[in-house]
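# Descriptive structure summary
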Amino acid sequence: RLPGGDRRLVRDLQIDLGVDIGVPSGEFQGFAVVDGSTRITVPCCFVTDFSSIPAWARGFSRFSTVDLAGVCHDWAYRLGVDRMIADRCWRVVATSGDARVGTMKGRLGYLALRLGGKDAYEGNREKREAGDVVDAPVGPPCTCQPCGEGS
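A few points on the structure. (Residues numbered from 1 in each chain as written. Predicted model: local features only at pLDDT ≥ 70, side-chain atom pairs only at ≥ 80, totals over all residues. Heavy atoms only, no water.)

### Details of the overall build of the protein chain
Stated formally: Here a strand is any run of E in DSSP of at least two residues, a helix any run of H or I of at least four, and the numbering for each starts at the N terminus. What makes two residues a contact is simply this: any of their non-hydrogen atoms within 4.5 Å. Each accessible area value is a Shrake-Rupley result obtained with a 1.4 Å probe; residue values ignore everything except the protein chains displayed when judging cover.
When helices and strands are tallied, the protein chain shows four helices and five strands. Within the protein chain, counting contacts between residues at least 6 apart in sequence, those at least 24 apart form 65% of the total. Total accessible area on the protein chain stands at roughly 8500 Å², and carbon and sulfur atoms take up 51% of it.

### Structural notes on unusual backbone geometry
So the rule is basically this: Think of it in three bands: with a 1.4 Å probe and only protein chains considered, a residue is buried below 20% of the maximum accessible area for its type, exposed above 50%, and partly exposed in between.
With a phi close to 50°, aspartate 35 is a non-glycine residue in the positive phi region. Note on placement: aspartate 35 falls in the loop between strand S3 (31-34) and strand S4 (37-42). With relative accessibility at 76%, the residue aspartate 35 sits in the exposed group. At cysteine 45, a residue that is not glycine, the phi angle is positive and equals roughly 80°.

### Observations regarding the environment of valine 33
With respect to the helices and strands, the residue valine 33 is situated in strand S3. Sequence-wise, valine 33 and leucine 17 are 16 residues apart; in three dimensions their C-alpha atoms are separated by 9.6 Å. What valine 33 contacts, discounting residues up to four positions off in sequence, is Asp20, Val23, Ser25 and Thr38.

### A closer look at the sheet that holds S4
This is how it is decided: Two strands qualify as a pair provided DSSP detects at least 2 bridges between them. Fitting a line to C-alpha atoms yields each axis, with helices limited to the stretch in contact; the angle taken between N-to-C directions then spans 0 to 180 degrees.
What the three strands build is an open sheet, ordered S2-S4-S3; its pairing is antiparallel. A strand with exactly one partner marks an edge of an open sheet, and here the two such strands are strand S2 (13-16) and S3. Across the sheet, the axes of successive neighbouring strands diverge by a mean angle of 20°, strand direction being ignored. Of the strand pairs in this sheet, S3 and S4 are connected by four bridges, and their pairing is antiparallel. Each residue of the ladder has a partner; that of phenylalanine 31, found in S4, is isoleucine 40. This element, helix H1 (residues 67-79), spans S2, S3 and S4 of the sheet and lies at about 85° to S4.

### With respect to the layout of surface pockets
Empty space among the atoms can be located by rolling a probe the size of a water molecule over them. To be explicit about the condition: As defined here, a cavity is a set of points on a 1 Å grid over the protein atoms alone where a 1.4 Å probe fits but cannot get out. A pocket is an open set with protein on both sides within 12 Å along at least five of seven lines, and residues line them when an atom is within 4 Å of a point. Grid points are joined across faces, edges and corners, and a volume is the space filled by probe spheres set on the points. Just so you know the grouping, Ala, Val, Leu, Ile, Met, Phe, Trp, Tyr, Cys and Pro go in nonpolar, Asp, Glu, Lys and Arg go in charged, and all remaining residues, Gly too, go in polar.
Estimates place the volume of the second largest pocket at around 170 Å³. Lining the second largest pocket, in full, are Arg8, Leu9, Val10, Arg11, Asp12, Leu13 and Phe50. Of the residues contributing to the lining of the second largest pocket, the split by class is four nonpolar, no polar and three charged.

### A short note on the pairing of S4
As paired strands, S2 and S4 are joined by four bridges and run antiparallel to one another. The residue of S4 that forms the bridge with isoleucine 15 is isoleucine 40.

### Things to note about the packing of aromatic side chains
Basically, it comes down to this: Between the rings of Phe, Tyr and Trp (Trp by its six-membered ring), a pair exists once the centres lie within 6.5 Å; its type follows the angle of the planes, with under 30 degrees stacked, over 60 edge-to-face, and the other angles tilted.
Applying the stated criterion across every chain yields a total of two aromatic pairs. Measuring from ring centre to ring centre gives 5.1 Å for phenylalanine 46 and tryptophan 75, while their planes differ by 80°; the resulting arrangement is edge-to-face. With phenylalanine 46 in the loop between S4 and strand S5 (47-48) and tryptophan 75 in helix H1, this pair connects stretches of sequence that are 29 residues apart. Relative accessible area serves as the criterion here: at 0%, tryptophan 75 is assigned to the buried category. Ring geometry for tyrosine 77 versus tyrosine 121: centroids 5.0 Å apart, planes at 80°, classification edge-to-face. A residue pair is termed long-range when its members are at least 10 positions apart, and tyrosine 77 in helix H1 and tyrosine 121 in helix H4 (residues 118-130) qualify at 44 residues. As far as burial versus exposure is concerned, tyrosine 77 and tyrosine 121 are alike and both buried.

### Considering the side chain of serine 37
As a reminder, the rule being used: Under the rule applied, a polar contact is a pair of N or O atoms within 3.5 Å (in protein, one hydrogen donor and one hydrogen acceptor; residues adjacent in sequence only if both atoms are side-chain atoms).
Assignment of secondary structure puts serine 37 in strand S4. Serine 37 gets classed as buried once you look at its relative accessible area, which sits at 6%. Within the local environment of serine 37, its side chain forms a polar contact with the backbone nitrogen of glycine 18, the two atoms lying 2.9 Å apart. Beyond its immediate chain neighbours, meaning those up to four positions away, serine 37 contacts Asp16, Leu17, Gly18, Val19, Asp20 and Ala32.

Just distances and angles here, no functional claims.
This is the structure in structure tokens:
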């Protein structure tokens, strides 16, 4: 956990979605389509807020059930993956696996992203275009043990 409340991954996060969600293979770091399935690798030291669920949508699911979906979604937004595809990534991860939120809550969460995620997406786009994000994937300098930086 970082001082501002965000968190930094201490190891790579790898997820196989089981379906192709439409990310152009090879175009975005950490996204690949293998045998018709999108595979995502979010690198060690990526800074994320896990799940920033707006207050009006928090009743739909617990934060912990969508944390992995939030990390993949943050990664996709940070890299500039098409917003609809990034939001679809959240839905697929949130509705699969052991901690899934279920089909209905997944659809409601997806709707909340579509309605409320535009500002976050545009903010990341503007930072990329302005060059304000020096190292978009990892945020501020890392001091965690896996990286060995700063230690």
